[in-house]
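Next come the chains, spelled out residue by residue.
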Amino acid sequence: MHGRAVALGAGTILNALSTGFGSAFAIDAETSATVELDESGTVTGSVAEDVDADTRLIERCVELAVERYGEGQEEYGGTVRTESDVPMAAGLKSSSAAANAAVLATADALGADPDRTEACRLGVRAARDAGVTVTGAFDDASASMLGGATVTNNDGDELLSRDPVEWDVLVWTPEERAYSADADAEACASVAPMAELVAELALEGRYAEAMTVNGLAFSAALGFSADPAVEAMPHAAGVSLSGTGPSVVAVADREADGDPLGRVRDQWTERDGETWRTTTRNDGARVL
């Protein structure tokens with residue numbers, strides 16, 4: 001029994017660590033999952049980019065998806081393998097993308113066609129079970145699964161809004177890595193008033209403004225330099241620290257005159273790390 005699916009990476013509009021409310025937008029960077037089910041009763045995972053990677057999340061996704069969609073086939077086990085364009089532990093929602101792809105690939109192997117939002121919540125449950133997230137990351141997971149920009153209440157896994165966005169995107173990813181589960185939640189709580197303002201902006205559809213305020217607040221709270229964001233501000237529509245870092249993401253309207261992100265790229269490429277361009281995606285995850 002074979003299934004395969006892909007889900008999207010995402011950038012941050014509002015970090016949910018302060019208030020439980022979060023917002024994210026999908027980008028054109030994909031993670032695929034391939035699932036082979038058998039009657040072993042045990043799930044074994046692997047990550048193409050890192051043979052030593054922690055595979056508890058994707059394994060738990062398969063277990064939960066079999067329980068939910070297997071209809072009496074709970075004894076099934078098998079293998080799950082992910083391959084990704086999304087850098088791991090870089091703030092670009094690699095875990096959410098892997099979870100979404102694993103859930104959908106398992107459902108595909110079982111011949112099920114689940115509601116995408118419900119499937120997303122299953123991956124969030126798996127992330128909590130595996131201990132890879134503080135908030136459950138329903139904001140990140142919903143953007144990855146559904147596409148576009150989403151605003152969520154992560155405390156209740158509630159989708160508050162979803163809108164298409166048409167942006168060009170520039171990403172700077174330094175060599176360092178940061179894991180969401182290790183983020184300083186107390187420091188993030190200190191910027192809650194700013195997070196509340198960002199939530200108001202996001203719910204009004206002012207996503208680019210929201211992400212800039214978010215980026216300044218959470219860069220300070222999490223100990224990252226705001227210099228890359230300041231460099232982007234004269235040119236980009238919005239710029240933010242993505243997730244708990246270390247990546248910084250800038251966006252510009254696709255119809256903008258000239259090449260505003262090209263000017264940002266010229267500055268960011270002077271920094272150590274990788275600078276790369278992509279676009280937003282509004283179609284979300286899919287079965288292959």
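The written sequence of each chain sets the order in which its residues are numbered from 1. Two thresholds apply to this predicted model, a pLDDT of at least 70 for residue-level local features and 80 or more for giving and counting side-chain atom pairs, whereas whole-chain, interface and lining totals are computed over all residues. Note: side-chain values were computed over all heavy atoms of the structure, leaving out hydrogens and water.

## Describing the overall build of the chain
Right, on to step 1. Here a helix means four or more residues in a row that DSSP labels H or I, a strand means two or more in a row labelled E, and each is numbered from the N terminus. Counting its secondary structure elements, the chain contains 9 helices and 11 strands.
Right, on to step 2. Here the globule rule reads 2.2 Å times residues to the power 0.38, and the radius of gyration is calculated from C-alpha atoms. The globule rule puts the C-alpha radius of gyration for 288 residues at 19 Å, and the 18 Å found for the chain is close to it.
Right, on to step 3. If one aligns the C-alpha atoms of the chain with their principal axes, the spans along those axes are about 55 × 35 × 35 Å.
Right, on to step 4. The criterion used for residue contact is that any of the two residues' heavy atoms lie within 4.5 Å. Relative to all contacts within the chain whose residues are 6 or more apart in sequence, the contacts with residues 24 or more apart total 74%.
Right, on to step 5. Using a 1.4 Å probe, the Shrake-Rupley method yields the accessible areas, and only the shown protein chains count as cover for residues. Within the structure as shown, the chain displays about 11,600 Å² of accessible surface, and the carbon and sulfur contribution to it stands at 44%.
Right, on to step 6. Taking the 20 positively charged and 50 negatively charged side chains of the chain as two groups, their mean positions are separated by 3 Å. Neither His nor the chain ends contribute to the count of charged residues, in which Lys and Arg are positive and Asp and Glu negative. Charge placement uses NZ in Lys and CZ in Arg. For Asp and Glu, CG and CD serve respectively.

## Some points on the environment of Ala-112
Right, on to step 1. Relative to the helices and strands, Ala-112 resides in the loop between helix 2 (94-109) and helix 3 (116-130).
Right, on to step 2. Buried means the residue's accessible area, taken with a 1.4 Å probe over protein chains only, is under 20% of the maximum for its type, while exposed means over 50%, and partly exposed covers the values in between. On the accessibility criterion, Ala-112 (26% relative accessible area) is partly exposed.
Right, on to step 3. For the pair Ala-112 and Glu-71, spaced 41 residues apart in the sequence, the C-alpha separation amounts to 9.9 Å.
Right, on to step 4. Those residues within four positions of Ala-112 in sequence are excluded, and the remaining contacts are Tyr-69 and Ala-107.

## Here's the deal with the pairing of strand 9 (residues 248-253)
Right, on to step 1. Counting buried positions over the 6 residues of strand 9 gives 5, a clear majority of the element.
Right, on to step 2. The pairing of strand 8 (residues 238-241) with strand 9 spans 4 bridges and is antiparallel. Looking at the pairing, Leu-241 lines up with Val-248 of strand 9.
Right, on to step 3. Only strands joined by at least two bridges in the DSSP assignment are considered to pair. Taking the residues between adjacent antiparallel strands as the criterion, strand 8 and strand 9 are bridged by 6 residues, where Gly-243 takes a positive phi near 60 degrees.

## Considering the packing of aromatic side chains
Geometry of an aromatic ring pair is reported as the spacing of the ring centres plus the angle between the planes.
Right, on to step 1. Put simply, two rings from Phe, Tyr or Trp (the six-membered ring, in Trp's case) pair if the centres are within 6.5 Å, and we call them stacked under 30 degrees between planes, edge-to-face over 60, tilted for the rest. According to the stated counting rule, one finds 1 aromatic pair in the structure shown.
Right, on to step 2. Ring plane angle 85 degrees and centroid distance 5.2 Å describe the contact between Phe-25 and Trp-167, whose orientation is recorded as edge-to-face. Taken together, the residues Phe-25 in strand 2 (residues 21-38) and Trp-167 in strand 7 (residues 167-173) connect sequence positions 142 residues apart. Across this residue pair, the class does not change: Phe-25 and Trp-167 are buried.
Right, on to step 3. Both a distance and an angle decide whether a charge sits over a ring: NZ of Lys or CZ of Arg must be within 6 Å of the ring centre and within 35 degrees of the ring normal. The ring of Trp-172 has Arg-271 sitting right over it, with the charged end atom 5.7 Å from the ring centre.

## Some details on the side chain of Ser-142
Right, on to step 1. As for its position among the elements, Ser-142 is in helix 4 (residues 138-146).
Right, on to step 2. Side-chain atoms alone can form a polar contact between residues adjacent in sequence; in general such a contact is a pair of N or O atoms within 3.5 Å, and within protein one must be able to donate a hydrogen while the other accepts it. Reaching out from Ser-142, the side chain makes a polar contact with the backbone oxygen of Asp-139 at a distance of 2.9 Å.
Right, on to step 3. In this structure Ser-142 touches Cys-120, Gly-147, Thr-150, Thr-152 and Leu-159, once residues within four positions along its chain are discounted.

## Concerning the packing of helix 2 against helix 3
Right, on to step 1. Contact geometry for helix 2 and helix 3: axes closest at 9 Å, N-to-C directions at 120 degrees. Classed by the angle they form, the pair helix 2 and helix 3 counts as oblique. Handedness of the helix 2/helix 3 crossing: right-handed. Of the residues in helix 3, those touching helix 2 at Ala-99, Asn-100, Val-103 and Leu-104 are Arg-116, Ala-119, Cys-120, Leu-122 and Gly-123.
Right, on to step 2. As a working rule, the residues Ala, Val, Leu, Ile, Met, Phe, Trp, Tyr, Cys and Pro are called nonpolar, Asp, Glu, Lys and Arg charged, and the rest polar, with Gly in that last group. Its residues assigned to classes, the contact of helix 2 with helix 3 shows 6 nonpolar, 2 polar and 1 charged. To obtain an axis, a line is fitted to C-alpha atoms, over the contacting stretch when the element is a helix, and the angle between two such axes runs from 0 to 180 degrees between their N-to-C directions. Roughly parallel refers to an angle under 35 degrees, roughly antiparallel to one over 145, roughly perpendicular to one between 65 and 115, and oblique to any angle outside these ranges. Handedness of a crossing follows from how the near helix is turned relative to the far one, being left-handed for an anticlockwise turn of less than a right angle and right-handed for a clockwise one.

## A closer look at the UniProt feature "domain: GHMP kinase N-terminal" (unreviewed entry) in the chain
Right, on to step 1. Sites flagged by UniProt as "domain: GHMP kinase N-terminal" (unreviewed entry) map to residues 57-148.
Right, on to step 2. Between the end C-alpha atoms of residues 57-148 there is a gap of 24 Å, over a span that is 58% helix and 9% strand. UniProt positions are given in the numbering used here, feature names are shortened, and annotations may be inferred rather than shown by experiment.

## Side note on the nonpolar core
Right, on to step 1. Formed by 41 residues in total, the largest nonpolar core has its most connected members in Leu-37 and Tyr-69.
Right, on to step 2. For this core, the secondary structure elements donating two or more residues are strand 1 (2-14), strand 2, strand 3 (43-47), helix 1 (56-69), helix 2, helix 3 and helix 4.
Right, on to step 3. If one sorts the elements of this core by residue count, helix 2 sits on top with 10 residues.
Right, on to step 4. Ignoring any residue separated from it by four or fewer positions in sequence, one finds Tyr-69 in contact with Val-103, Ala-107, Leu-110, Ala-112, Pro-114, Glu-118, Ala-119 and Leu-122.
Right, on to step 5. The next biggest cluster of nonpolar side chains, apart from the first, holds 26 residues, and it includes Ile-13, Trp-167, Val-198 and Val-249. In this text, buried Ala, Val, Leu, Ile, Met, Phe, Trp, Tyr and Cys residues form a nonpolar core when linked through side-chain atoms within 4.5 Å.

## Here we look at the pattern of salt bridges
Right, on to step 1. Within this document, salt bridges are pairs made up of a side-chain nitrogen of Lys or Arg and a carboxyl oxygen of Asp or Glu, the two lying within 4 Å of each other. Applying the stated rule across the entire model yields 16 salt bridges.
Right, on to step 2. One network of salt bridges, with partners in common, ties together Asp-28, Glu-30, Arg-281, Asp-283 and Arg-286.

## Brief notes about the UniProt feature "binding site: ATP" (unreviewed entry) in the chain
Right, on to step 1. Here the UniProt-annotated "binding site: ATP" (unreviewed entry) positions come out as Pro-87, Met-88, Ala-89, Ala-90, Gly-91, Leu-92, Lys-93, Ser-94, Ser-95, Ser-96 and Ala-97.
Right, on to step 2. Note on placement: Leu-92 falls in the loop between strand 4 (77-84) and helix 2.
Right, on to step 3. Assessed through its relative accessible area of 1%, Leu-92 is described here as buried.
Right, on to step 4. In this view, Lys-93 contacts Ala-10, Gly-11, Thr-12, Val-86, Asp-140, Ser-242 and Gly-243; residues no more than four positions away in its chain are not counted.

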